[in-house]
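# Working through the structure, step by step
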Amino acid sequence: MGKGRKAKDKESLCSDDNKLYLEEAVLEKKLPDIDLRILVEMPNGIDFNEWLASHTISIFDNTNLIYGTVSEFCTISGCPDMVGPSYRTYLWFDEKGKKSRVAAPLYIDYVMTFVQKTINDETIFPTKYGT
């Protein structure tokens, strides 16, 4: 397949007329009826703390990946405050307890750095067998 064909295929996938994810059949599709508690139940024979740590790290990794996909759209000038639902502004509290208003990308960087340090702390998330 030549370069011209690939470019043409890419253009057709990106055109406004061909957004399959907006098709009614896709939008109306439902998850099968399943008890979601079964999906998150801790299996027998697994240590609760091990299970919780594993899922905490997984949630952090997935959040980090998701934020990576949108981070270019939220800049310091475009997102000068960390604002959440109901236009609530979040402030950052440093190690000394001082609160400060920071831009959203900086706030998220502080949070992600804090969580990464916590996950890497052997006293909180030990990685050696038996601890």
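Please read these numbers as outputs of a predicted model, since none were measured by experiment. (Residues numbered from 1 in each chain as written. Predicted model: local features only at pLDDT ≥ 70, side-chain atom pairs only at ≥ 80, totals over all residues. Heavy atoms only, no water.)

The subject of this paragraph is the pattern of salt bridges. A pair can form between side chains of opposite charge whenever their charged atoms are brought close. On inspection of all chains with the given rule, the structure shows one salt bridge. The salt bridge involving Asp 81 is made with Arg 101; its shortest N-O contact spans 2.9 Å. Taken together, the residues span a long stretch of sequence, with Asp 81 in the loop between α4 (48–70) and β1 (82–83) and Arg 101 in the loop between β4 (99–100) and α5 (104–120) at a distance of 20 residues. With a relative accessible area of 25%, Asp 81 lands in the partly exposed category. (Salt bridge = Lys/Arg side-chain N within 4 Å of Asp/Glu carboxyl O. Helix = DSSP H or I, 4+ residues; strand = E, 2+ residues; numbered from the N terminus. Buried < 20%, exposed > 50% of the residue type's maximum accessible area, 1.4 Å probe, protein only.)

Considering all chains together, one arrives at four aromatic pairs under this definition. A ring pair is formed by Tyr 90 and Tyr 107, whose centres lie 6.4 Å apart and whose planes are at 50°; its orientation type is tilted. Within this pair, whereas Tyr 90 is found in strand β2 (residues 89–90), its partner Tyr 107 is found in helix α5, the two being separated by 17 residues in sequence. Here a set of aromatic residues connected by ring pairs shows up, and it is made of Tyr 90, Trp 92, Tyr 107 and Tyr 110. (Phe/Tyr/Trp six-rings, centres within 6.5 Å; stacked < 30°, edge-to-face > 60°.)

On to the confidence of the model for the protein chain. Interpreting fine coordinate detail is not advised for predicted regions of low pLDDT. Scored by pLDDT, the protein chain comes out at a mean of 81, with 81% of its residues at no less than 70. Counting interchain partners and residues more than four positions distant, the pLDDT-below-50 stretch residues 9–15 has three contacts. (pLDDT = per-residue confidence, 0-100. Contact = heavy atoms within 4.5 Å.)

A few words on the nonpolar core. With 13 residues, the main nonpolar core has Met 82, Ala 104 and Tyr 107 as its most contacted residues. For this core, the secondary-structure elements that each account for two or more residues are α4 and α5. The leading source of residues in this core is α5, at five residues. Contact partners of Ala 104, with chain neighbours within four places excluded, come to Cys 74, Cys 79, Pro 80, Asp 81 and Met 82. (Core = buried A, V, L, I, M, F, W, Y, C linked by side-chain atoms within 4.5 Å.)

With that settled, consider unusual backbone geometry. Even without a glycine there, the phi angle at Ser 86 is positive, about 60°. Looking at the secondary structure, you find Ser 86 in the loop between β1 and β2. According to the relative accessible area criterion, Ser 86 is exposed, its value standing at 73%. You will see that Tyr 87, though not glycine, has its phi angle at about 55°, which is positive. By the element assignment, Tyr 87 lies in the loop between β1 and β2.

Attention now moves to α4. Between its terminal C-alpha atoms α4 stretches 33 Å, which fits the 33 Å expected from 23 residues at 1.5 Å a residue. Every buried residue of α4 is accounted for by Trp 51, Ala 53 and Phe 60. Summarising the contacts, the buried residues of α4 are in contact with α3 (36–40) and α5. Where α4 begins, one side-chain oxygen reaches toward the backbone nitrogen of Asn 49, 3.2 Å away; that side chain belongs to Asp 47. (Expected span 1.5 Å × (residues − 1). Polar contact = N/O pair within 3.5 Å; in protein donor to acceptor, adjacent residues only side chain to side chain.)

As a volume, the second largest pocket reaches approximately 180 Å³. In this structure, the second largest pocket is lined by Trp 92, Phe 93, Asp 94, Glu 95, Tyr 110, Thr 113, Phe 114 and Lys 117. For the lining of the second largest pocket, the secondary-structure elements that each account for two or more residues are β3 (92–93) and α5. In terms of residue count, the dominant contributor to the lining of the second largest pocket is α5 (four residues). By residue class, the composition of the lining of the second largest pocket is four nonpolar, one polar and three charged. (1 Å grid on protein atoms, 1.4 Å probe; cavity = no way out; pocket = protein on both sides within 12 Å on 5 of 7 lines; lining within 4 Å. Points joined across faces, edges and corners; volume = space filled by probe spheres on them. Nonpolar A, V, L, I, M, F, W, Y, C, P; charged D, E, K, R; others polar.)

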